[in-house]
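The lines below spell out each chain.
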Amino acid sequence: MKHYKSLNGFHRENGAEPPENPLLSLVRLDKICPIKDKEFTTDFYMIALKKVKSGLFLYGRTKYDNENGSMYFIQHRQVVEMKNLEFEEDGFIIFMHEDYLNGHLLHHEITKYNYFDYETNEALHLSPKEEQVIWELFFKIEAEYNTNQDEYSREIILTHLDSILKYSQRFYKRQFINRSEISGKMVTRFNDILSAHIETGD
């Protein structure tokens, strides 16, 4: 199994341009080659907004739910498996080496977001308005990343990244609340049908 210690190595093997920063890279999915059969681990986090045209994406023990295209959060040093993965044109991946967080509050805070957990097998499905919020934050990171980076760049980038993570936490909670409501209605409907069946004997 391949282990990537550096972003440069990952970029090179996947047909992307070298990153502007050795510890942080932003990739628009129309700039990267389709990823063929690959199983790997890394020393960096991956945060992605992507729509999958075809292929299989596994993180942990189960297939990631990526049917509708959404956000994905991958932790460092965890096994990722991709098979014949091809993306829709519109999407991005943020690769962040764990060392990029050293000395920053986010180094500790990021561990609180359980959507990075290895056992997670559900993507975050965004509404159009939620997707717009994430894209706007990404564009701010991208603008800062592509300018001449100075002593303020890292703090500004991590501030916007922190916002992405906080919004994602909010959106995940909304997703599970909605699912609970739908599940609750289905259970209620099932119980009503069962009760009617018992009463009528039909």
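What counts, and where the lines are drawn
- Residues numbered from 1 in each chain as written.
- Predicted model: local features only at pLDDT ≥ 70, side-chain atom pairs only at ≥ 80, totals over all residues.
- Heavy atoms only, no water.
- Helix = DSSP H or I, 4+ residues; strand = E, 2+ residues; numbered from the N terminus.
- Buried < 20%, exposed > 50% of the residue type's maximum accessible area, 1.4 Å probe, protein only.
- Salt bridge = Lys/Arg side-chain N within 4 Å of Asp/Glu carboxyl O.
- Pairing = 2+ DSSP bridges.
- Axes fitted to C-alpha atoms, helices over the stretch in contact; angles between N-to-C directions.
- Expected span 1.5 Å × (residues − 1).
- Core = buried A, V, L, I, M, F, W, Y, C linked by side-chain atoms within 4.5 Å.

Asks: Tell me about unusual backbone geometry, and please be specific about residues and values.
Replies: The phi dihedral of Arg77 falls on the positive side, at around 60°, and the residue is not glycine. Among the structural elements, Arg77 can be located in the loop between strand 7 (70–74) and strand 8 (80–87). Here Arg77 falls in the partly exposed class, since its relative accessible area comes to 46%.

Asks: Which residues make up the pattern of salt bridges, and what values do they have?
Replies: What the rule picks out here adds up to 7 salt bridges. Where Lys2 meets Glu13, a salt bridge forms, and the shortest distance between an N and an O atom there is 3.3 Å. Of this pair, Lys2 sits in strand 1 (residues 2–4) while Glu13 sits in helix 1 (residues 7–13); the two residues are 11 residues apart in sequence, bridging distant segments of the chain. By relative accessible area, which is 43% here, Glu13 ends up partly exposed. Via salt bridges that share partners, Asp43, Arg77 and Glu98 belong to a single interconnected network.

Asks: Hey, could you go over the sheet that holds strand 2 (residues 24–28) for me, with residue numbers and the actual values?
Replies: Overall, antiparallel pairing links the 4 strands, which are arranged 2-9-4-7 in an open sheet. This sheet does not close on itself; its edge strands, each paired only once, are strand 2 and strand 7. With direction set aside, neighbouring strand axes in the sheet form an average angle of 10°. With 5 bridges connecting them, strand 4 (residues 44–50) and strand 7 associate as antiparallel partners. Bridged to Met46 within strand 7 is Ile74.

Asks: Tell me about helix 3 (residues 128–145), and please be specific about residues and values.
Replies: In a regular helix each residue adds 1.5 Å, so 18 residues correspond to 26 Å; helix 3 covers 25 Å between its end C-alpha atoms and thus fits that length. For helix 3, the complete set of buried residues consists of Glu130, Glu131, Ile134, Trp135, Leu137, Phe138, Ile141, Glu142, Glu144 and Tyr145.

Asks: Any chance you could break down the nonpolar core for me, citing the residues and the numbers?
Replies: Nonpolar side chains tend toward joint burial in soluble globular proteins. One finds Met71, Phe73, Ile94, Met96, Phe116 and Leu165 to be the most contacted residues of the largest nonpolar core, which totals 32 residues. Residue assignment for this core shows that the elements contributing at least two residues are strand 2, strand 4, strand 7, strand 9 (92–97), helix 3 and helix 4 (153–200). It is helix 4 that provides the largest number of residues to this core, a total of 7 residues. In terms of nonpolar packing, the next biggest core, distinct from the first, is built from 19 residues, Phe40, Met46, Met82 and Leu85 among them.

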